[in-house]
Amino acid sequence: MAVSTLKTHRRAWPLPCRELFDRLPLFWRIQLVAWPVFGILTLPLKFGAMGSWSYVVFATLYREPLGLLLTGALRRVFHRQAVRSMKPARLGCTVISLAML
């Protein structure tokens, strides 16, 4: 009797991280995986350029979340109706100028 009760019992909030991650749109799942991986893989390059691990850690903790936020902002811009109607050359200029911020 107790076993059947456990089978029908639904999980209460908070949901496990995996279930929350699975509910996100594909764009955000890719972003949440790619930015930390990019940050870790570029650590040796940053160390070569900066020469100090404390600067590298600071730059990574500053730059990668900022990149994630800007990616989200760019996504909002691209989903607007005005962007869909832009000519490819103008859209390219917009993307490049916003990406350089």
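Predicted, not measured: the structure shown is a model, and the values here were computed from it. (Residues numbered from 1 in each chain as written. Predicted model: local features only at pLDDT ≥ 70, side-chain atom pairs only at ≥ 80, totals over all residues. Heavy atoms only, no water.)

## Observations concerning the pattern of salt bridges
Next, step 1: Under the counting rule described, the total for this entry stands at two salt bridges.
Next, step 2: Across the salt bridge formed by K46 and E64, the nearest N and O atoms sit 2.7 Å from each other. Residue K46 is located in helix α4 (residues 43-50), and its partner E64 is located in helix α5 (residues 53-78); the two are separated by 18 residues in the primary sequence. Here K46 and E64 have matching classes, each one buried.
Next, step 3: A salt bridge links E64 to R63, with the nearest nitrogen and oxygen atoms 3.8 Å apart.
Next, step 4: On the basis of relative accessibility, which here comes to 42%, the residue R63 falls in the partly exposed class. (Salt bridge = Lys/Arg side-chain N within 4 Å of Asp/Glu carboxyl O. Helix = DSSP H or I, 4+ residues; strand = E, 2+ residues; numbered from the N terminus. Buried < 20%, exposed > 50% of the residue type's maximum accessible area, 1.4 Å probe, protein only.)

## Quick word on the packing of helix α3 (residues 26-41) against α5
Next, step 1: Look at α3 against α5: their axes get within 10 Å of each other, and the N-to-C directions meet at 155°. On the basis of the axis angle, α3 is roughly antiparallel to α5. For α3 against α5, the interelement crossing comes out right-handed. Taken together, the residues of α5 that come into contact with α3 (itself represented by F27, W28, Q31, L32, W35, F38 and G39) are T60, R63, E64, G67, L68, T71, G72 and R75.
Next, step 2: Of the residues belonging to the contact of α3 with α5, the class tally is six nonpolar, six polar and three charged. (Axes fitted to C-alpha atoms, helices over the stretch in contact; angles between N-to-C directions. Parallel < 35°, antiparallel > 145°, perpendicular 65-115°, else oblique. Left-handed = near helix turned anticlockwise from the far one by under 90°. Contact = heavy atoms within 4.5 Å. Nonpolar A, V, L, I, M, F, W, Y, C, P; charged D, E, K, R; others polar.)

## Observations concerning the packing of aromatic side chains
Next, step 1: Following the criterion strictly, the structure yields four aromatic pairs and no others.
Next, step 2: Centroid distance W35 to F38: 5.9 Å. Interplanar angle 85°. Geometry classified as edge-to-face. One end of the pair is W35 and the other is F38, both in helix α3 and three residues apart, which spans about a single turn.
Next, step 3: Centroid distance F58 to Y62: 6.3 Å. Interplanar angle 10°. Geometry classified as stacked. Here Y62 and F58 lie together in helix α5, a separation of four residues that amounts to about one turn.
Next, step 4: The exposure class assigned to Y62 is exposed, which follows from its relative accessible area of 53%. (Phe/Tyr/Trp six-rings, centres within 6.5 Å; stacked < 30°, edge-to-face > 60°.)

## Side note on a nonpolar patch on the surface
Next, step 1: Among the surface-exposed residues, F58, Y62, L66 and L70 lie close enough to one another that they form a single nonpolar patch of about 410 Å² accessible area.
Next, step 2: By the element assignment, L70 lies in helix α5. (Patch = residues over 30% accessible without salt bridge, like charges linked within 9 Å, V, L, I, M, F, W, Y side chains within 5 Å. Areas by Shrake-Rupley, 256 points an atom, 1.4 Å probe, with all protein chains shown as cover.)

## Side note on the confidence of the model for the protein
Next, step 1: Summary statistics for the protein give a mean pLDDT of 80 and a share of 81% for residues scoring 70 or more.
Next, step 2: Between the elements of the protein, mean pLDDT differs from a low of 49, seen in helix α1 (residues 2-8), to a high of 90, seen in α4. (pLDDT = per-residue confidence, 0-100.)

## Comments concerning the packing of α5 against helix α7 (residues 88-99)
Next, step 1: The contact between α5 and α7 brings their axes to 11 Å, and the two run at 160°. As summarised for this structure, α5 and α7 are arranged roughly antiparallel, according to the angle between their axes. As α5 packs across α7, the resulting crossing turns out to be right-handed. Mapping the contact onto sequence places L74, V77 and F78 in α5 and L91, V95, L98 and A99 in α7.
Next, step 2: Its residues assigned to classes, the contact of α5 with α7 comprises seven nonpolar, no polar and no charged.

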